[in-house]
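Topology and contacts: notes
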Amino acid sequence: GGGRAASGRARAARRAGACDAMSIKLRDLIRNVRACKTAAEERAVISKECALIRTSFKEEDSTFRHRNVAKLLFVHMLGYPSHFGQMECLKLVASPRFLDKRVGYLGLSILVQDSPEVLMLVTNSLSSDLSHRNPYVQGLALSALGNLSNPDMLRDLSGQVLKLLSNTNANVRKKAALCAIQIFRKVPDMVEDFVP
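Every value quoted in this text rests on a predicted model; they were computed, and no experiment measured them.

Reading the values: the criteria
- Residues numbered from 1 in each chain as written.
- Predicted model: local features only at pLDDT ≥ 70, side-chain atom pairs only at ≥ 80, totals over all residues.
- Heavy atoms only, no water.
- Helix = DSSP H or I, 4+ residues; strand = E, 2+ residues; numbered from the N terminus.
- Expected span 1.5 Å × (residues − 1).
- Buried < 20%, exposed > 50% of the residue type's maximum accessible area, 1.4 Å probe, protein only.
- Salt bridge = Lys/Arg side-chain N within 4 Å of Asp/Glu carboxyl O.

Here we take up helix α4 (residues 65-77). An α-helical segment advances 3.6 residues per turn. Residues three or four places apart therefore align on the same side. For α4, built from 13 residues, the straight-helix expectation of 18 Å at 1.5 Å per residue is met to within 8% by its first-to-last C-alpha distance of 19 Å. Three or more residues of α4 are buried, namely R65, H66, N68, V69, K71, L72, L73, F74 and V75.

This is the structure:
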């Protein structure tokens, strides 16, 4: 009995060590990139980290998903490809945790590409969060909708934005007004829907 328990603990420790190797923090990645002396060295650090992030995504490891998406946003800022993180952003948006939603919406507003499947999933997530009872989640969804500014998405969700213009929370009303401005800019024929 004791030998099996010891080997089980050893396996768990190896798995934990593997997870720790895979999940360096964003600040450590930034430090590693800054320490690079050449562009080739930087590319090597980024490609190694992207490979680790892809592996983590394939293993459906949700523990460090928000950390990995944040690192992808940094990689994107450096000019490297990071579009493979779109679906992970959607998974974060679907999470009940506010931190996950915040990173997910930030990732969507930067990484999303105009593929119809992804936009449909994003529209469904936004619709769900615009109806959420938490005003902070509603604010995140309104900000993301304003930033994404896809005309079809704006058209589909304009009714919910209109409803949020009369919300009791001042912050939600402000974000709804800013989102309405984006609707007017991208879909000018919808102005009449917002004017009483």
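With that settled, consider the pattern of salt bridges. Applying the stated criterion across every chain, the model contains nine salt bridges. Between E88 and K91 there is a salt bridge, and its shortest N-O distance comes to 3.3 Å. Residue E88 and its partner K91 are both found in helix α5 (residues 86-94); the two are separated by three residues, about one turn of the helix. Using a relative accessible area of 6% as the deciding quantity, one classes E88 as buried. Classification of K91 as partly exposed rests on a relative accessible area of 31%. Salt-bridge contacts for R97 lead to D100; the nearest nitrogen and oxygen are separated by 3.5 Å. With a relative accessible area of 43%, R97 lands in the partly exposed category. Several salt bridges converge on common partners, so that one network encompasses E60, R65, E88 and K91.

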